[in-house]
Structures are given as structure tokens and as C-alpha cells.
Amino acid sequence: MTLTTPLAGPPNMRATLRRNFWRGVARVMRRKPSRMAGVAIVCLFLLMAAVGPMLYPAHLPRDDNALYAAPSLAHPFGTDFEGTDVLALVVTGARYVILTGLATAVITVALGTALGLLAGFHRGRWDTALMRLTDLQLTIPGLPLLLVLSTVWKFNSPLEMGLVLGLLGWGGVARAVRSQTLSLRERGFIEAAKGLGLSTRHIIARELLPSMAPYIAMNVLIAVTGAIYAQVGLFFLGVLPFDSNNWGVMLNLAVFGGGALTSTAALPYLLAPLLAILLLTLGIVLIVDAMDEIFNPRLREE
Amino acid sequence: MITGTGVTKTYKQRGDVLGGRTVQALRGVDFTVRKGGAVSFIGESGCGKTTLGRIIAGLETYDSGEIVINGVPMSALRPRRRQPYFRRIQLIHQDPYSALNPTRTIHQTLRAPLTLRARQTRRSDAWVDDRAEELLSLVGIDPGYVLGRYPHQLSGGMRQRVVIARALTVDPEMLVADESVSMIDVSMRLSVLALLKDLRERLGVSLVFITHDIATARYVGEDGELYVLYRGQVVERGGTEQVISAPEHPYTQSLLSAIPVLHGLEQPGPERVVPTEALDERHPDAGCLFARRCPFRTERCEAERPALRRGADASHERACFHAQRRSVIPVEAVA
Amino acid sequence: MTTTSPETGGHPGAPSPPGLAGGPGDMTAPGVRVRDLVVVYRTPLGELPALGGVSLTIEPGTITGIVGESGSGKSTLALSLLNAVQPPGRISAGSVEIDGLGNVLELGGDDLRQARGRHLGYVFQAAQNSLNPLKTVGKQLLDLGRSHGADDPRALVRDARSLLERMGLDGARVLDSHQHQLSGGMRQRVGIMLALVLNAQLVILDEPTTALDMITQATILRIVREVHKERGLTTLMVTHDIGVAAEVTDRLAVMYGGRVVEHGPTMDVIGAPSHPYTQGLIRAIPRLSGDTAEARALPGRPPTLGTLPAGGCVFRERCPLRMDVCETVEPPPVLVDRRTVACHAVAGARQERVVREERVVREQERVGREEERA
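An unreviewed UniProt entry lists chain C under the name ABC transporter ATP-binding protein, with Sphaerisporangium corydalis as the source organism.

Chain A carries the name ABC transporter permease in an unreviewed UniProt entry, which gives Sphaerisporangium corydalis as its organism. Heading Sequence similarities (unreviewed entry) of the UniProt record for chain A holds this comment: "Belongs to the binding-protein-dependent transport system permease family."

Printed below as a string of C-alpha cells:
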């Protein structure tokens, strides 16, 4: 019994496992410098979204003497058409963008995983019905629908935006999760769990889901980037009415208002949000690379 | 005790545009496994032995026939009500690598069924952990070493022991071992076989042993019964030792003759049959199923299907018109 | 040793320039001498030896079995004979001399490629699945011929057909078939045909019967033995199944933890194994007759690259004859009863026996002298 110390009690065991997991995650992240860089970038943006708007007054100061000012110490990325600091715009605009991204990802993955699991695990009639629904979702043309929707809906809150983007994007995840489930359910351990009389809830939550975790986590991250592109694109096109700070809005104003494509004056104003989008995407991509190792105990513990 | 009568199973194979073809996995198989007994099903791949094992463990449906568990015919019950009966029959998978969830520790793997059981029998949480340790000790591994580990950290032999321990969590009456050692390193196979044998003696669980390797079937169940399956039909059955030492069906004789001889320790048996290899499994089903490959076939074999009949010995049956004892297994080499 | 062709030249070991098209039988069975071969694998824990100084002499014209469990290094050894160890593996020391080719480890590029078809035939572990599913067997045969500069495709097809027919198949039909139209045993025979059709005289079969049914396995083993005899080959069979090796081989090399622990005539090694690992392995085989209680499991588990002990005997953890010296000194192979064995206990016993025999001789001499004096 001296060897069985981790067995002191079930809660204790679980705590040990959780601690080991996070220690494993830290180890995986440290394996490549690129992953640490990714974590740093994503953390920076998360921080921006969380506290960014608090750093600046609700209405950003304007400087009428410095419209489209060139980058300087006071304004590292110059100013916009009203003389507002571009950096401040990027920082305060992060919240909307990132919240939308997260909301989209959560809805996409939650819906997609749930429906995919249900369809793949129960097969038969459930499967047929859910997959027809998925096909239907996949055939909905997103952009035209959004154009129509924007005539009646203002999308003031990032969560509303996320909801719509999420409802338009879960089909792919559902299909992929279903096929994963179909292959996993043939594995011996799922069959054994059924044979032992374990509940369907246990089998899905404890046996199937963890095996799909790397896959799901990857989809979350990819969905975030997808959502960022989608909403920035929508705002850039100007199809959505806007009254808050947003990187897409900045791009729109820089190109259509400032003529950034033809003159150099508004170039910093154009490049700053672009750079932010690029950096955030890069950060996420660098982290995606680690997902397989994080959720596979064999690769994590090595 | 479990008995089966006339169990049949047909698979539809997908493929062709015109509906595909059907494969008869089992063609009316009768069997009996007594409480605490050992029954081996042997045959080549595709003979239906795995399907039969899965049907016995309740993991597969059958088309016709009847299975009776402890006197209760399963056909009288609705599928949901059959589950408690089949739960006491646990399948040990062939592949210990896929039989354990790679994302869960051994402790988690054993805890889940034990917790369920504790709830059903109103036992405490402490019992769950005690029982997990007890079962691991029973299958011959140090609980302190494996409990906190993940499957990938264990050898194939150890994994298979964990799989057996997991099956024991529900206090089964019967274990169905399907090629349970074929993926384990040679030097560790025997210890897993010995464990199965031991569990049968100590716990009184009956054992259904499914394999293509007749020698391992003999090791585990020499006092039990042996069924030889060919294309979904039982072609010979009898006491394990009897069928091996005095086989009467040419197919059994071919199988036994195909076992490599340990030159140096053994010599080929005096009547070793030169095995003929499978020609085409798709040939018509008329007559004896083995006729095309049989070195002793006659015209009658191609026209008529022989039924399982008693031989000289009452407990030894075989389905062959030309059944004859042959001594085909290797004999000890004379020094 | 008979060969299929009457114009067998009979220059034992004469180098035959690779790349020249030749008829069957212009070579004789080559011998192979592996000396102090070390193969390491790069892992996160550093370079670990999969083969730790293997020396093995394969007599020309024999079927030699290489038996071992997973991680014993048997497949690595077989690949080394082709100089085909893949990264992260690397041959770091030693030599592999093959008659007619020289040191294979010094060959490279085109020479090596040519040698691989014409001198060395290799039947891969998953020969059943190593055919291209999109091409017929015949097409793959012609591809093989072209890449080896065979100038007469007709002759090639004729040879292939006769080989297939020799193995009990309808040659023309098989050459016209795709992989999925052939059964496992048929594919295995196609694998053997492709290894032999360029007249390789050294054939390496890597686990030729795994995943085959018992009866098919027996057929393949019979074919291997017959073809070996008829074509006068040197055959190497790598397997984890000591029974398969016992059935067909003349000589047997038992590997454990990247070392050859015992090597000698199959009958002797199986009948009276010397090394404690060989003994344990044979005792762990369930048999068809005799007392089942005699079968004994081998305790412990085979080592993996990571768990191999750095010094001393690799088998000591599981060994019933373990001594102090086994912890520190790796046992060198010594010659005992017509075979080589790498074990301190066996070598010690032999030493003792020699000493005892000498003592007996001396004693007899003394008695003799005293009798003379008396």
C-alpha cells in the first residue's frame, strides 16, 4: 500500500490528474518556442479585449490639427480622419472582434459537436435526420443571408453577431465530428463500455469526447479565426451599420474614406488593423500545432 | 450455462451495384457452455468463430435460432430485458491496444463500471477503490504501479490483464476470449493464458475461447470441449484432448497438420495430411462445404451435405461421410 | 543443392557485376558475414542502439531463421542487409559482407538499387499489402524489370509465370489481376515471385506468414522450402514465431534486445537450447501433446529501446541463471556444442566442464603412471 499514495481518495486522485494535465500542457507548450510565441500573442489580444476599452475614455479624443498624421511617438500608427489615435482604435476595437470570435466558436463547436456525436453514436434514423439538417445548413448561402438580415438587425452586440455567424457555421464541424464518432465507436473500448452496462451519457462524455478533444479544440481555434475574418469582412464591405469601434470599420474607413489604396496618407490607418488581424491569426495558428500533443496522453507525457 | 440451437447469421456485403452478395457467417450452430466449463471454437478466419463469440456476448444480433441463458430463452425477452443476462458474459477483445481508452488512466477505466456496481448494490465509494486494487492483484499486476498510468505506458500483456480485470468488475459468469493473445509478444502469451485458466479454476467462471491456434485452446481448456468451425458450420466437436489426438474430420486434420513442427523436439505425425489451400470461398454451397479442398472427397460429398453425427465415441461428433481417425499431430522426436 | 538451370557456372562467391542481364543460375548462393553491426535510433532521449554489435555468419545455401520478439532488432537486422535502415535509424558501425557484392554498407545510389533486385530479394513484412492497388501485377512486374534494365520483358514475364505456376497459381491470370482480386496467400506468393524474378540468390523474408491462416501458412512455408532448394538460394527468414522457424529453417539465430543470443543448427537449438532465453521461449510454447503443465511462462517483458540496460547482459532482468558478472559485463558469444551462445552462465558451465574433463584426463594419466610404476 505504500505505493498507492495517489489513491488516498477519489477527489484527491482527480486533483492529481488535473494538476498533471496542466503540467503536461506547460511541458508541451515549452517544447517549441513558436508555441510560446503563439501563447504570448493570444494572451496579449485577450488582455486587450478585457482591459483595452478601460484604458481610454469612452469617446476617444480627437485632434483636429492632426488628421491622417504620420506615425510619431505620440501616435505610433498615426491618426485617422478625425485625428483619433489609430493605436487606441485598434486596442478598443479588439473587444468586439474577439468577443464575436469566441461566441462564434462556442456556438459552432457546441452545436456541431453535439449534433455530430448524436448522429454518429445513434446512427439510424437520428443520423439520417440530423445529417439532412446539416446538409440544409451547409447549403444556406451565408453572405446574402447576412445582407438581408442586416436590413432588420443592427448587430450592436458582438454576441448577436457571434450567434448569427455560429448558426451559419456549425455544419462542417458536425459532419467531421460525426465521421470521427463513427470510427471511434467501432473501437474496443466503446464496445466494452456498452458491454459493461455503462450509461450512454458516460460513454459520450467520458469515453468519446476526450478522444476527440484535440479535434474539437482545433476546430474552436479555427472557428475563431474564421469568425474574425467573416465579421471584419462584413464591416469592411460596409453591409452592416456600425456605431462602435471595430477593425473592420477601420479598414472600411481607411479604404473608402481615406483612399488608402491610392494615397499614402491613410496607409498606417489601413495597416494597423490588418496587422492586428494577421498577428492574432498567427498566434492562433501557432497554438493549434500543440493541440494534438496536449490531448493525447502519450504525446503529452513523453 | 448458455446453450444455442440453430444459430444463424447472414451478413450483407456492400460493394456491387446490384445489391452485393450475402455471406453466411453461421449456418445453424448448436452449442452448450456449462457453468465453469471451457469451450473452444477454432477455425480459420471467416469461419464464423468471431461472430459466434460476439453473439454469445450479446454484442451482435442473430437471424434465427435460440439462445438460452440459465434457462431463460432470449427470444422471449425484449432487447432491453436481455441486457442483464448478457452483461454477465464479458468479451475479452483481441486487441488490447484499442480495448482501453487511451485518454483514461487505468484507475478511471476500472472505476466507471465499479461505481455503477456500487450504486446498484448500495456499497460505499471506498469499496470501489478497494475492489479495483483487488481485481488488479487478482490478474497479477501491482495496483500501485498501474492505477495512475495510461494504457500506452503498459506492455501488451499488462494491458490484456487490465482488460480482463475490467471484465471482472461485473462479476461475470463467463468470459469470451477472442484471439486474446495473438497481439501479445510470444514470451508473455503463456502467462495471460495461464491467467485465464487460473480464473476459471479460482472463480468458477466459464470460458469461451476463440482462436485459430489449437495448441493455446488445448492449454486453456484441455478438460473442456472443442468445436471446429468451417464456413459457419460446426464440422467436428468433442472433448478437446480427443479431437486433437484423434481427429476424424479431414478439415480438423488439415488444421492440425498445418501447425508447424518443432523439429528437434518433434517429428511430423505419421498421417499428416497435406493441407490444400483455400481455392475460392465463393464456390456454390451445394454438398459438403469442405469438399472442394478435401483430399478424401467422393461424388457423394459434392451432392449432399453431411450432418453432425456421433462417431464411435458418444461425445465425439463430426460432419463427414468419410470420417476416419488419423494421427496427424507431431510426435515427440526420438533422441 | 540443385539449381533450375543447367548452365550453372559454379564460381563460388565470384563477383558478378550488377546491372548485367543474366539468365537464371549464373550465380551461386552467396554467404553473408555481418560483423559488429551497430544500428542506432535517434530519439528524444538521445541515440539508442537497436542493434548492439551483431555478428552473424550466414552459410551459403542455408535457410536461416532469425527469431525474436518485438524490439529484438530482427527487422532492423534484415533491413541492414539491404542497407535500407530508414531515419531516425542509422547504421553507425560494422560491416555486412555479401558474396558477390562486397560490403553492402559501402554501396550507394544506383549500385545499391541494382543490388536490391538482382542479388537481394526482399519480401516485405506486409507483402499482402505492398502491391500497388491501381496496377495489375503484370504491370508492376514490368515496372520492376524496367527499373533494373531488364532488356527482355517477354523473358521476364515468362520467368514470372513459371515461378507463379511453380507456386501453384495460374500465372497468366495472376499477372492480369489487381491486388484486391487476390487472396492473402496469393499476394504473399506474388511478393515472393517479385523478389525472385530478377534471379536474386539471397532472399530475405520478413514475417512471411503473419496474418495468414494456418493452412495458407503451411502452404507458403512449403513453397519457401521447395523454391529455396530448387533455385539454390540463401534464404533468411525473419519471424517472431519460433514454430514457423523450426518448421522450415536449417539454422536458427535467436535475437533479444538487439543481440544474437544463440545461433546454431535449428535441430540443436530447438532440441537442446543453451541460452536461458531460448530455453524460456521454447518452454513457453503450448504444445499439442504432452502435459500442458510443463509449459512455463517467461517472467517479465522484452526490453524496448528506452528500457535496454546500458551495460551487462540484456536478458539479465528475466534470467533464472543471473550472476553478479551479468550486471556489468556483456557476455561475448562463445562456441558451445556447434553453436554460438552469448551467456556467462553457459560459458562458465562449459569452462567448468572443460576444466573437469582436463582434471579427469590428468587423473587418469596419474593413475596410469602410478599403475605403470607399480
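From this point on, the discussion continues.
A. Seen up close, the overall build of chain C. Broken down by element type, chain C carries 12 helices and 12 strands. For chain C, the C-alpha radius of gyration of 23 Å lies close to 21 Å, the compact-globule estimate for 374 residues. When contacts within chain C are restricted to residue pairs at least 6 apart in sequence, those whose partners lie at least 24 apart make up 64%. Carbon and sulfur atoms make up 52% of the accessible area of chain C, which totals about 16700 Å². One finds the centroid of the 41 positive side-chain charges in chain C at a distance of 3 Å from the centroid of its 43 negative side-chain charges.

B. Highlighting the overall build of chain A. Of regular secondary structure, chain A possesses 13 helices and zero strands. Along chain A, helices and strands appear, N-terminal first, in the series α-α-α-α-α-α-α-α-α-α-α-α-α. Across the 302 residues that make up chain A, the buried fraction comes to 47%. Carbon and sulfur atoms provide 67% of the accessible area of chain A, an area that totals close to 14900 Å².

C. Structural context of the packing of aromatic side chains. Residue and element names in this part refer to chain B. If you walk through the whole model with that rule in mind, you get 13 aromatic pairs over all chains. Taking the centre distance of 6.1 Å and the plane angle of 90° together, the rings of phenylalanine 31 and phenylalanine 41 count as edge-to-face. Placement of phenylalanine 31 in strand E2 (residues 22–33) and of phenylalanine 41 in strand E3 (residues 38–42) is noted, with a sequence separation of 10 residues between them. Given a relative accessible area of 2%, phenylalanine 31 falls into the buried group. With relative accessibility at 0%, the residue phenylalanine 41 sits in the buried group. Look at tyrosine 230 and phenylalanine 290: their rings are 5.2 Å apart centre to centre, the planes differ by 85°, and that puts the pair in the edge-to-face class.

D. The arrangement of the packing of helix H10 (residues 250–258) of chain B against helix H7 (residues 214–231) of chain C in detail. Interhelical geometry of H10 of chain B versus H7 of chain C gives an angle of 50° and a closest axis separation of 8 Å. On the basis of the axis angle, H10 of chain B is oblique to H7 of chain C. Once H10 of chain B is placed against H7 of chain C, the crossing between them reads as left-handed. Across from Tyr251, Ser254, Leu255 and Ala258 of chain B in H10 of chain B, the residues of H7 of chain C making contact are Met214, Ile215 and Ala218 of chain C. Residue composition of the contact of H10 of chain B with H7 of chain C, grouped by class: six nonpolar, one polar and no charged.

E. A look at the domain arrangement of chain C. Residues and elements named next belong to chain C. Considered domain by domain, chain C is made up of domain 1 (29–119 + 200–374) and domain 2 (129–199). Taking the mean C-alpha position of each, domain 1 and domain 2 sit 32 Å from one another. In this assembly, 20 residues from domain 1 lie in contact with 16 residues from domain 2. Three residues, Arg118, Ile223 and Arg231, lead the burial of domain 1 against domain 2; their summed loss comes to 31% of the area buried on that side. Across the contact surface, domain 1 and domain 2 share two salt bridges. Residues arginine 166 and glutamate 226 are paired through a salt bridge, measuring 2.5 Å at the closest nitrogen-oxygen approach. Connecting domain 1 to domain 2 are 10 residue pairs in polar contact (both at pLDDT 80 or more). Among the secondary structure elements, those contributing two or more residues to the side of domain 1 that touches domain 2 are helix H2 (109–118), strand E7 (202–206) and H7. Here the element with the most residues in the side of domain 1 that touches domain 2 is H7; it accounts for nine residues. By residue class, the composition of the side of domain 1 that touches domain 2 is 10 nonpolar, five polar and five charged.

F. The arrangement of the UniProt feature "transmembrane region" (unreviewed entry) in chain A in detail. What UniProt calls "transmembrane region" (unreviewed entry) maps, in this numbering, to residues 36–56, 96–121, 216–240 and 266–288 of chain A. Annotation note: span residues 96–121 of chain A, helix share 100%, strand share 0%, distance between end C-alpha atoms 37 Å.

G. Inspection of the interface of chain A and chain B at higher detail. On the chain B side, the residues contacting the 27 residues of chain A number 32 residues. Buried surface at the junction of chain A and chain B, both sides included, amounts to about 2500 Å², of which 63% is carbon and sulfur. Counting across the chain A and chain B interface gives two salt bridges. Among the salt bridges present, the one from glutamate 191 of chain A reaches arginine 54 of chain B, with a minimum N-O distance of 2.7 Å. Seen at the junction of chain A and chain B, the total is six residue pairs in polar contact (both at pLDDT 80 or more). For the side of chain A that touches chain B, the secondary-structure elements that each account for two or more residues are helix H1 (10–31), helix H8 (188–195), helix H9 (200–237) and helix H13 (297–301) of chain A. A breakdown of the residues in the side of chain A that touches chain B according to their chemical character gives 13 nonpolar, six polar and eight charged.

H. Spotlight on the sheet that holds strand E4 (residues 89–98) of chain C. All names here are of chain C. Here we have four strands laid out as an open sheet, ordered E2-E1-E4-E5, and antiparallel in their pairing. With one partner strand each, in any of the chains shown, strand E2 (46–58) and strand E5 (102–103) form the two edges of the open sheet. Across 10 bridges, the pairing between strand E1 (residues 32–43) and E2 is antiparallel. Looking at E2, one finds that valine 34 is bridged to leucine 56. Contacts from helix H1 (residues 74–81) reach E1, E2 and E4 within the one sheet, and its direction differs from that of E1 by about 115°.

I. Examining the pairing of E3 of chain B more closely. Residue and element names in this part refer to chain B. The element E3 is extensively covered by neighbouring structure, given that five of its five residues are classed as buried. The side-chain alternation of E3 yields two buried faces, one formed by Ala38, Ser40 and Ile42 and the other by Val39 and Phe41. One ladder, built from five bridges, connects E3 with strand E8 (residues 206–211); its direction is parallel. By the bridge assignment, valine 39 is partnered in E8 with valine 208. The pairing of E3 with strand E9 (residues 225–230) spans four bridges and is parallel. Following the sheet pairing, serine 40 is matched in E9 by leucine 226.

J. Geometry of the confidence of the model for chain C. All names here are of chain C. Mean pLDDT for chain C: 84, with 91% of residues reaching 70 or above. Across residues 1–26, where pLDDT falls below 50, the model places 42 contacts with residues more than four positions away in sequence or in other chains. Complex prediction metrics read pTM 0.83 and ipTM 0.87.

K. Local environment of the confidence of the model for chain A. Residue and element names in this part refer to chain A. For chain A, mean pLDDT is 80; residues scoring 70 or higher make up 88% of the total. Mean pLDDT across the elements of chain A ranges from a minimum in H13, with 77, to a maximum in H8, with 90. Taken as a whole, residues 1–9 scores under 50 in pLDDT and shows 11 contacts with residues more than four places along the chain or in a different chain.

L. Up close: the arrangement of the chains. Ranking by contact count across two pairs of chains in contact places chains B and C at the top. One thing to see here is that chain A and chain C don't touch, and their nearest C-alpha atoms sit 9 Å from each other.

M. Layout of the sheet that holds strand E7 (residues 174–178) of chain B. All names here are of chain B. Sheet architecture is open: eight strands sit in the order E6-E7-E8-E3-E9-E10-E13-E12, paired in mixed fashion. Edge positions in the sheet fall to strand E6 (89–92) and strand E12 (309–310), since each of these pairs with one other strand and no more. Pairing of E7 with E8 involves five bridges; the strand directions are parallel. Within E8, the residue paired with aspartate 178 across the bridge is isoleucine 210.

N. Local environment of helix H6 (residues 156–168) of chain B. The terminal C-alpha atoms of H6 of chain B lie 19 Å apart, and with 13 residues this matches the ideal 18 Å at 1.5 Å per residue to within 8%. A large share of H6 of chain B lies buried, amounting to 13 of its 13 residues.

O. A look at the pattern of salt bridges. All names here are of chain B. In the structure shown here, the tally under the stated rule is 48 salt bridges over all chains. Glutamate 60 is paired through a salt bridge with arginine 54; the nearest N and O atoms lie 2.9 Å apart. Glutamate 60 gets classed as partly exposed once you look at its relative accessible area, which sits at 22%. Ionic pairing is found between glutamate 173 and arginine 88, a salt bridge with its closest N-O pair at 3.5 Å.

Calculation criteria
Residues numbered from 1 in each chain as written. Chains lettered and ligands numbered in written order. Predicted model: local features only at pLDDT ≥ 70, side-chain atom pairs only at ≥ 80, totals over all residues. Heavy atoms only, no water. UniProt positions renumbered as here; feature names shortened; annotations may be inferred. Helix = DSSP H or I, 4+ residues; strand = E, 2+ residues; numbered from the N terminus. Rg over C-alpha atoms; globule rule 2.2 N^0.38 Å. Contact = heavy atoms within 4.5 Å. Areas by Shrake-Rupley, 256 points an atom, 1.4 Å probe, with all protein chains shown as cover. Lys, Arg positive; Asp, Glu negative; His and termini not counted. Charge placed at Lys NZ, Arg CZ, Asp CG, Glu CD. Buried < 20%, exposed > 50% of the residue type's maximum accessible area, 1.4 Å probe, protein only. Phe/Tyr/Trp six-rings, centres within 6.5 Å; stacked < 30°, edge-to-face > 60°. Axes fitted to C-alpha atoms, helices over the stretch in contact; angles between N-to-C directions. Parallel < 35°, antiparallel > 145°, perpendicular 65-115°, else oblique. Left-handed = near helix turned anticlockwise from the far one by under 90°. Nonpolar A, V, L, I, M, F, W, Y, C, P; charged D, E, K, R; others polar. Domains from an automatic or database assignment. Buried area = accessible area lost by both parts, 1.4 Å probe. Salt bridge = Lys/Arg side-chain N within 4 Å of Asp/Glu carboxyl O. Polar contact = N/O pair within 3.5 Å; in protein donor to acceptor, adjacent residues only side chain to side chain. Pairing = 2+ DSSP bridges. pLDDT = per-residue confidence, 0-100. Expected span 1.5 Å × (residues − 1).

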